[in-house]
Amino acid sequence: MKGMTLIVKEVTNLVIGFILLFSIYLVLYGHLSPGGGFVGGVMLSCGLILLILAHGKETFNTLIDDRAMTLWDCIGALLFLVLALLGYSAGIFFANIFSAWGRPFTLVSGGTIPLANIAIGIKVGACLAGAFIALVVTGKAKQSLSGDL
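In this text, all values refer to a predicted model and were calculated from it rather than measured experimentally.

Asks: How would you explain a nonpolar patch on the surface if you had to name every residue and give the values?
Replies: Together, L78, L81, V82, L85, L86, Y88, F93 and F94 line one region of the surface with nonpolar side chains, adding up to about 780 Å² of accessible area. Along the chain, the position of L85 falls in helix α4 (residues 68-89).

Asks: I'd like a description of the packing of helix α1 (residues 6-28) against helix α2 (residues 37-55), backed by residues and values.
Replies: Two numbers describe how α1 lies on α2: the axes approach to 8 Å, and their chain directions differ by 165 degrees. Looking at the two axes, α1 sits roughly antiparallel to α2. Both α1 and α2 take part in a crossing whose hand is left-handed. Side by side, α1 and α2 meet where V8, K9, T12, N13, V15, I16, I19, L20, F22, S23, L26 and V27 of the first sit next to G37, V39, G40, G41, M43, L44, G47, L50, L51, A54 and H55 of the second.

Asks: Explain the nonpolar core residue by residue, including any values.
Replies: Of all hydrophobic cores here, the largest spans nine residues; its members are L48, I49, I52, F60, M69, A126, A129, F132 and I133. For this core, the secondary structure elements donating two or more residues are α2 and α5 (113-137). Per-element tally for this core: the top contributor is α5, with four residues.

Asks: Quick rundown of the environment of V39? Include the residues and the values.
Replies: On the secondary structure map, V39 appears in helix α2. By relative accessible area, which is 38% here, V39 ends up partly exposed.

Asks: Account for α1, naming residues and giving values.
Replies: In this model, α1 (23 residues) spans 34 Å end to end at C-alpha, consistent with the 33 Å of a helix rising 1.5 Å per residue. A maximum bend of about 35 degrees is found in α1 at V15. Every buried residue belonging to α1 is among T12, I16, S23, L26 and V27, and all of these are buried.

Asks: Would you mind going over the packing of aromatic side chains in detail, with residue names and values included?
Replies: According to the stated counting rule, one finds two aromatic pairs in the structure shown. With centroids separated by 6.1 Å and ring planes inclined at 25 degrees, the aromatic side chains of F22 and Y25 adopt a geometry described as stacked. Of this pair, F22 and Y25 both sit in helix α1, three residues apart, which is roughly one turn of the helix. Assessed through its relative accessible area of 39%, F22 is described here as partly exposed. Given a relative accessible area of 39%, Y25 falls into the partly exposed group. Put simply, the rings of F22, Y25 and Y29 touch in pairs and so form one group of aromatic residues.

How each quantity is defined
- Residues numbered from 1 in each chain as written.
- Predicted model: local features only at pLDDT ≥ 70, side-chain atom pairs only at ≥ 80, totals over all residues.
- Heavy atoms only, no water.
- Patch = residues over 30% accessible without salt bridge, like charges linked within 9 Å, V, L, I, M, F, W, Y side chains within 5 Å.
- Areas by Shrake-Rupley, 256 points an atom, 1.4 Å probe, with all protein chains shown as cover.
- Salt bridge = Lys/Arg side-chain N within 4 Å of Asp/Glu carboxyl O.
- Helix = DSSP H or I, 4+ residues; strand = E, 2+ residues; numbered from the N terminus.
- Axes fitted to C-alpha atoms, helices over the stretch in contact; angles between N-to-C directions.
- Parallel < 35°, antiparallel > 145°, perpendicular 65-115°, else oblique.
- Left-handed = near helix turned anticlockwise from the far one by under 90°.
- Contact = heavy atoms within 4.5 Å.
- Core = buried A, V, L, I, M, F, W, Y, C linked by side-chain atoms within 4.5 Å.
- Buried < 20%, exposed > 50% of the residue type's maximum accessible area, 1.4 Å probe, protein only.
- Expected span 1.5 Å × (residues − 1).
- Bend = angle between axes of the 7 residues up to and from the residue.
- Phe/Tyr/Trp six-rings, centres within 6.5 Å; stacked < 30°, edge-to-face > 60°.

Here it is in structure tokens:
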């Protein structure tokens, strides 16, 4: 997999920053506007998948190790579990223990909800990109479609 044409590679280089920035926006402001961790994670994985499709497997492997997606997936799950247990320490599982700190309509107004969105965004983005890498880049999806497993 050597990548696509020069035009596709250059357009990808132009838009990838905007895609990743928009995914970060969706994750951080998900408690104030439509969006959140899942949607932002899907956008993040779409940006990574676009990089793989445009530039090829070899270029992507120089940027990110294949095991990095598994590591980030585990980090996202661990962060989410820590938030749940912090709420449990306050008396209720997933209690919003930081909600008293915020002011309405500001970024910190959601208490632990923005932190949960960040954890979910990391988890979903890494999981979907990792699934794409595992299936398509390694050739397993092509084999399963042709019945050669």
